[in-house]
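Fold and contact review
For reference, the chains in residue letters:
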Amino acid sequence: METGNNINSNLISIIVPIYNGQDYIDRCVGSILEQTYTEWELLLMDGASSDDSPRLCDEWQRKDDRIRAFHSTEYRGVSKGRNTGLREASGAYIMFVDVDDWLLPDCIQRLYDDIQKPSVQIAGCGFRICNDEDWKEQLSGRETETMSGVDFSRNDSTVKLIAGKDFLREGILKRDTRCWSKLYRRELIEGHFFNEAYTIGEDMLFVWETAREAEYISSSDYAGYCYYRNPKGAMLKRFRESDIDQIRCWQFLLQSLLAENGKGGNYDTDVIIAAATNLLISCMLVAGKLAVLPGEERKQYADINKQCRGVLKETLRIKGAYAGLDKGYRIKVSLYKLFPDLYLNLYHILKAGK
């Protein structure tokens, strides 16, 4: 991470990539202003938004000298915003927050406390899936009574330490692939950046590359990060060509593990199988998005469908990958492998019926 800024030993740099986020900026920033931990700087990384986001970012910068707004002339994805933020950050700790999400008031304090434990270089907490009504409840001070139906008080939360070398097995392969809801020591992620070639799955690669170098990761079940179920979010949108990135990212991880083992690495068989199983699931998720498209439109993406099925068939050669799937996915994978057009048509009919 190249920066000419002086590093503040207690400062947390919070990086928020923004693209057309005018509906969410005030809520996100407001939740950070309410944090019980106050030694932070907030970097609002506007990626050439066409809505009112640039003005709102500049307005917040004028209101609080801990907030800095940056504007690019073209949008190149959240990874570009995060990478630029990493270069501009002044803090000894780094945190990522998405603009449509928000934090509970003591989220940063808890993460900061956890990362102070000996040899801990990443501190992570849980998250809860929220909607607009949940934010209203948080403003009223009743969030622990309503959100998720669980009271995540300090006394009830548990924290476990995971060795960095084990986080692939204990975290990433158990779907903890998110870069947000975590606090990173700056020296750990020095020189690490998000792969700007990917738009889905880049979180997972960043977490894998940094966590494997950590001595310990602190993992708390306290759900202090509020993940907004955005109806306009990338994972809920209709199929786009970039959706195949999630396949490419899992494929990159799996191929890296196999290559390292080929050079004397020591990844256990169950880790390889779990990575392959996740890759198969990613293939089916992309196939499912393709299937939802009308038949004629789907034909435009025949090459992507071919790529998806090709990766699936190649991955099935890894012994144990198929067995690692649950029964439902095993049926889907078998049908898609043998009769891809039939699978896509049946899936389309089922979804259309709903």
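I will try to describe carefully the structure that is included in this document. Note that this is a predicted model, so its numbers are computed, not measured.

Scanning the chain for helices and strands turns up 15 helices and 9 strands. In terms of C-alpha radius of gyration, the chain reaches 21 Å, essentially the compact-globule figure of 20 Å for 354 residues. C-alpha atoms of the chain, sized along the principal axes, occupy 60 × 45 × 45 Å. The proportion of buried residues among the 354 residues of the chain is 50%. Long-range pairs, those at least 24 residues apart, make up 82% of the contacts in the chain with a sequence separation of at least 6. Surface summary for the chain: the accessible area is close to 16700 Å², and the carbon and sulfur share equals 49%.

Looking now at helix α5 (residues 132-139). For α5, every residue scored as buried is listed here: Asp134, Trp135, Glu137 and Gln138. Projected down its long axis, α5 shows its buried positions confined to an angular sector of 160°, all on one face.

The next point concerns the pattern of salt bridges. Evaluated as defined, the whole model comprises 22 salt bridges. Ionic pairing is found between Asp270 and Arg169, a salt bridge with its closest N-O pair at 2.4 Å. Pair noted here: Asp270 is in helix α11 (residues 269-292) and Arg169 is in helix α7 (residues 167-170), with a separation of 101 residues, a long-range link. By relative accessible area, Arg169 is classed as partly exposed at 27%. Members of the salt-bridge network, linked through shared partners, are Asp52, Arg55, Glu59 and Lys63.

On to the pairing of strand β8 (residues 182-185), then. In the case of a regular strand, side chains alternate between the two sheet surfaces. The alternating pattern of β8 places Lys182 and Tyr184 on one face and Leu183 and Arg185 on the opposite face, and all of these are buried. Note: strand β4 (residues 91-96) against β8, 3 bridges, orientation antiparallel. Looking across to β8, one finds that Ile94 is bridged to Tyr184. Sheet analysis places strand β6 (residues 120-130) next to β8, joined by 3 bridges and oriented antiparallel. Following the sheet pairing, Ile122 is matched in β8 by Tyr184.

The next subject is the environment of Glu260. Here Glu260 is to be found in helix α10 (residues 245-262). When its relative accessible area of 26% is taken as the criterion, Glu260 is described as partly exposed. Sequence-distant contacts of Glu260, that is, excluding residues within four places in its chain, are made with Trp208, Arg212, Gly265 and Tyr267. Side chain to side chain, Glu260 and Arg212 meet in a polar contact 2.8 Å long.

For the rest of this paragraph, the subject is the nonpolar core. Membership of the largest hydrophobic core comes to 106 residues, with the highest contact counts inside it found for Ile12, Ile14 and Met95. No other element matches α11, which puts 13 residues into this core. Once you skip the residues sitting within four places of it in the chain, Ile12 turns out to touch Tyr37, Glu39, Trp40, Glu41, Tyr93, Met95, Ile108, Tyr112 and Leu183.

Moving on to the environment of Val120. Residue position: Val120 is located in strand β6. By relative accessible area, which is 1% here, Val120 ends up buried. Setting aside anything within four residues of it in sequence, one finds Val120 in contact with Asp114, Ile115, Leu161, Arg185, Tyr216 and Ser218.

Overall, the coordinates contain 18 aromatic pairs when judged by the stated rule. Here Trp180 and Tyr225 contribute two aromatic rings whose centre-to-centre distance is 4.7 Å and whose plane-to-plane angle is 20°, an arrangement assigned as stacked. Note that Trp180 is positioned in the loop between α7 and β8 and Tyr225 in strand β9 (residues 216-228), a separation of 45 residues in sequence. Both residues of the pair, Trp180 and Tyr225, count as buried. Centre to centre, the rings of Tyr184 and Phe206 are 5.8 Å apart; their planes meet at 75°, and the pair counts as edge-to-face. Taken as a pair, Tyr184 in strand β8 and Phe206 in helix α9 (residues 202-211) lie far apart in primary sequence, 22 residues in all. Each member of the pair, Tyr184 as well as Phe206, carries the same accessibility label: buried. Here the aromatic cluster, defined as three or more aromatic residues joined through ring pairs, consists of Tyr24, Trp102, Trp135 and Tyr228.

Position of Asn83 relative to the elements: it lies in helix α3 (residues 78-88). A polar side-chain atom of Asn83 sits 2.8 Å from the main-chain amide nitrogen of Phe194. Apart from residues lying up to four places away in sequence, Asn83 is in contact with Phe193, Phe194 and Glu196.

Calculation notes
Residues numbered from 1 in each chain as written. Predicted model: local features only at pLDDT ≥ 70, side-chain atom pairs only at ≥ 80, totals over all residues. Heavy atoms only, no water. Helix = DSSP H or I, 4+ residues; strand = E, 2+ residues; numbered from the N terminus. Rg over C-alpha atoms; globule rule 2.2 N^0.38 Å. Buried < 20%, exposed > 50% of the residue type's maximum accessible area, 1.4 Å probe, protein only. Contact = heavy atoms within 4.5 Å. Areas by Shrake-Rupley, 256 points an atom, 1.4 Å probe, with all protein chains shown as cover. Arc of directions from axis to C-beta. Salt bridge = Lys/Arg side-chain N within 4 Å of Asp/Glu carboxyl O. Pairing = 2+ DSSP bridges. Polar contact = N/O pair within 3.5 Å; in protein donor to acceptor, adjacent residues only side chain to side chain. Core = buried A, V, L, I, M, F, W, Y, C linked by side-chain atoms within 4.5 Å. Phe/Tyr/Trp six-rings, centres within 6.5 Å; stacked < 30°, edge-to-face > 60°.

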